[in-house]
Amino acid sequence: MISAAQLRAARALLGIDQRTLASMAGVSLPTIQRMEASKDEHVRGVVSTLAKIVAALEAAGIELIGNGQPSQGSGRGVRLKEPR
């Protein structure tokens, strides 16, 4: 659904800190901290909590792009290339 790196990058693009994202999504600060510290490919958590975070990011103008998915937007963004 979303990786820790995507979560950190999304915050960076918005210029917000973890506390602000937590407030925007209606989740606790420790939840955001735990998700961003995740070493797994995708962050783990309660689906409803993940959905709140994704919805808050999308409402703020972030487009989350999955691996191999084309971008639907037209704004600036960042995508990590596959390793060579």
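Refer to the structure presented above.
Because the structure is a prediction, the values reported are computed rather than measured.

(A) Local environment of the pattern of salt bridges. If you walk through the whole model with that rule in mind, you get two salt bridges. With its nearest N and O atoms 2.5 Å apart, the salt bridge here joins Arg11 to Glu36. A residue pair is termed long-range when its members are at least 10 positions apart, and Arg11 in helix α1 (residues 4-14) and Glu36 in helix α3 (residues 29-36) qualify at 25 residues. Across the pair, exposure class does not vary: Arg11 and Glu36 are buried alike. The partner of Asp40 in a salt bridge is Arg44, and the shortest N-O contact between them spans 2.6 Å. Take Asp40: its relative accessible area is 37%, and that puts it in the partly exposed class.

(B) Main features of the side chain of Thr49. Mapped onto the elements, Thr49 comes out in helix α4 (residues 47-59). A residue is classified by how much of its surface remains accessible, and Thr49, at 19% relative accessible area, is buried. Excluding residues within four positions of it along the chain, Thr49 makes contact with Val27, Thr31 and Met35.

(C) Representation of the nonpolar core in the model. If you look at the biggest cluster of nonpolar residues, it comprises 19 residues, and the most contacted ones within it are Ile2, Leu7, Leu21, Ile53 and Leu57. Among the elements of the structure, α1, α2 (18-25), α3 and α4 are those that each provide at least two residues to this core. Setting aside residues up to four positions removed in sequence, Leu57 forms contacts with Ile2, Leu7, Ala10, Leu14, Leu21 and Ile62.

Criteria and thresholds
- Residues numbered from 1 in each chain as written.
- Predicted model: local features only at pLDDT ≥ 70, side-chain atom pairs only at ≥ 80, totals over all residues.
- Heavy atoms only, no water.
- Salt bridge = Lys/Arg side-chain N within 4 Å of Asp/Glu carboxyl O.
- Helix = DSSP H or I, 4+ residues; strand = E, 2+ residues; numbered from the N terminus.
- Buried < 20%, exposed > 50% of the residue type's maximum accessible area, 1.4 Å probe, protein only.
- Contact = heavy atoms within 4.5 Å.
- Core = buried A, V, L, I, M, F, W, Y, C linked by side-chain atoms within 4.5 Å.

As far as function goes, none of this settles anything; it's purely spatial.
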